[in-house]
Each structure stands twice: as structure tokens, then as C-alpha cells.
Amino acid sequence: MNRKELVRLVAGFKRFRQKYFDVETSVYRKLSSGQTPKTLIIGCSDSRVDPALLSSASPGDLFIVRNVANLVPPYEENGGFHGVSSAIEFAVLNLKVENVIVLGHRQCGGIRALMAGPGENKSTFISRWVSIAEDAKQRVLAKYAGADPDELCHRCELESIRTSLRNLRTFPFVQEAIETRQMNLIGAYFDLEEGRLLELNEATGEFSALPL
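What comes next concerns the included structure. This is a predicted model, so every value here is computed, not measured. (Residues numbered from 1 in each chain as written. Predicted model: local features only at pLDDT ≥ 70, side-chain atom pairs only at ≥ 80, totals over all residues. Heavy atoms only, no water.)

### Details of helix 7 (residues 134-143)
Listing the buried residues of helix 7 in full gives Ala136, Lys137 and Val140. Down the axis of helix 7, the sector holding all buried residues measures 100 degrees, keeping them to one side. Of the surrounding secondary structure, the elements contacted by the buried residues of helix 7 are helix 5 (109-116) and helix 8 (149-168). (Buried < 20%, exposed > 50% of the residue type's maximum accessible area, 1.4 Å probe, protein only. Helix = DSSP H or I, 4+ residues; strand = E, 2+ residues; numbered from the N terminus. Arc of directions from axis to C-beta. Contact = heavy atoms within 4.5 Å.)

See the structure below:
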């Protein structure tokens, strides 16, 4: 690691300690006995889209899973290594979260890679991962044929959130939590160009800006 970057990170950790540990009312005194977040956020790995930062959350408020393009794979029994699926399982069954939010965003590199296609190298990790949203890509291409690449990416960013919500419902324990304790599934989208947060209305299928 670059020494200058390390110094910056250590300075940041010092401020973190001062805020959360070196005070009599340290939040970590309570958190050391366990976590009880009410919300699972499935967000993108993009450095500009930190769910805790966007929501001004405190430690312990959110259980966060981040991956390329904030995707949820469909339920797959005995499907091998499933980091996202195991995190969803833990949040729903162990933490018993009340809300699951799929948080997409503008200028998503993963969605742009999906729209561009794998090119000659069809075995990359990214191309295989983003293929989870291939159906979203095809719906966008069919509905917005002739649109420019930027508009197609934007539309697919939104459409892929719908895909992830549908995939969430393929998990038996997610469906059970919805039916037995009214757990909420929410689609949200952060427009980092305009500083807006949109929510999906699943009844209408449309996204609209949340009032601030």
C-alpha cells in the first residue's frame, strides 16, 4: 500500500475511534453484545455508492452486502459458493431483518459491462456475474431499441433492480418471511449525477423520486 494512503487511512481510523470508542456513550459498548439491524441493503461495490454514507447510518444500523451491479442471483440449491445468497440467508433467518433493499445507481460499471457484452473474453468473472441480469438487458433492448448507449445503460440499471427483486422471491425463506412477518422488499436507485433517491413502486412498475 502506498505510504501516503496508509497514513490517510490510519488518520481516518483515529477519528473513527474518537467518535465511537473514546467517549463514555460509545455505541460499540452496546454492539459488542451483538447486532440487530432492521434492514439489509444489497448495494453496488462502486466507491461512490456507500449505503451507510448515503443514509447517514450509524454502526449497527444496516446489514450491507455489496457486489458488482448490486445483483441478486436466483435461488439455487447446492449451487456451490454463494456469498450473496449466504448473506441474504443470514440476514433473513438469523437477524430477521424487516426490510431488504436492492440499491442500484447511475453510472454503474457492471451494468455497462453487461450492455457491452463480454467481447472476445467470455470467461471473465465480471461477464459471468452480470449475466444474472441478462433478462433485464433483453427487455431494455426490446423496449428502447434505437436509444443511445447511455440511455440503454440507465434503463438497464433500473430494470436490473426489478430482476433482483424477482430473484429474491425465489428464495423459500425470503418468501416465508414476506408471508409470515411482512418483511418488505424495496427497490431503490441513487442518481449520483443529480443527487436524487428513487423508489420502485411495484404496483405500477415505475420509479419515482422520494420527497426530501
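### Remarks on the pattern of salt bridges
It is possible for side chains of opposite charge to pair when their charged atoms get near one another. Summed over all chains, the structure comprises 16 salt bridges. Between Asp150 and Arg112 there is a salt bridge whose closest N-O contact spans 3.3 Å. Of this pair, Asp150 sits in helix 8 while Arg112 sits in helix 5, placing them 38 residues apart in sequence. In this structure, Arg169 engages Glu202 in a salt bridge whose closest nitrogen and oxygen atoms are separated by 3.1 Å. Pair noted here: Arg169 is in the loop between helix 8 and helix 9 (172-181) and Glu202 is in the loop between strand 5 (196-201) and strand 6 (206-209), with a separation of 33 residues, a long-range link. Owing to a relative accessible area of 34%, Arg169 belongs among the partly exposed residues under this scheme. The exposure class assigned to Glu202 is partly exposed, which follows from its relative accessible area of 41%. Ionic contacts of the salt-bridge type, sharing partners, join the residues Arg106, Arg112, Asp150, Glu157 and Glu193 into one network. (Salt bridge = Lys/Arg side-chain N within 4 Å of Asp/Glu carboxyl O.)

### Let's talk about the sheet that holds strand 1 (residues 39-44)
Judged by pairing direction, the sheet is mixed, and its six strands sit side by side in the order 2-1-3-4-5-6 without closing on themselves. Edge positions in the open sheet fall to strand 2 (62-67) and strand 6, since each of these has one partner strand only. Shown here is a sheet whose adjacent strand axes are inclined to one another by a mean of 25 degrees, direction ignored. In the sheet, strand 1 pairs with strand 2 via six bridges, with the strands oriented parallel. Looking at strand 2, one finds that Leu40 is bridged to Phe63. Relative to the sheet, helix 4 (residues 83-94) contacts strand 1 and strand 2, its axis offset from that of strand 2 by approximately 170 degrees. (Pairing = 2+ DSSP bridges. Axes fitted to C-alpha atoms, helices over the stretch in contact; angles between N-to-C directions.)

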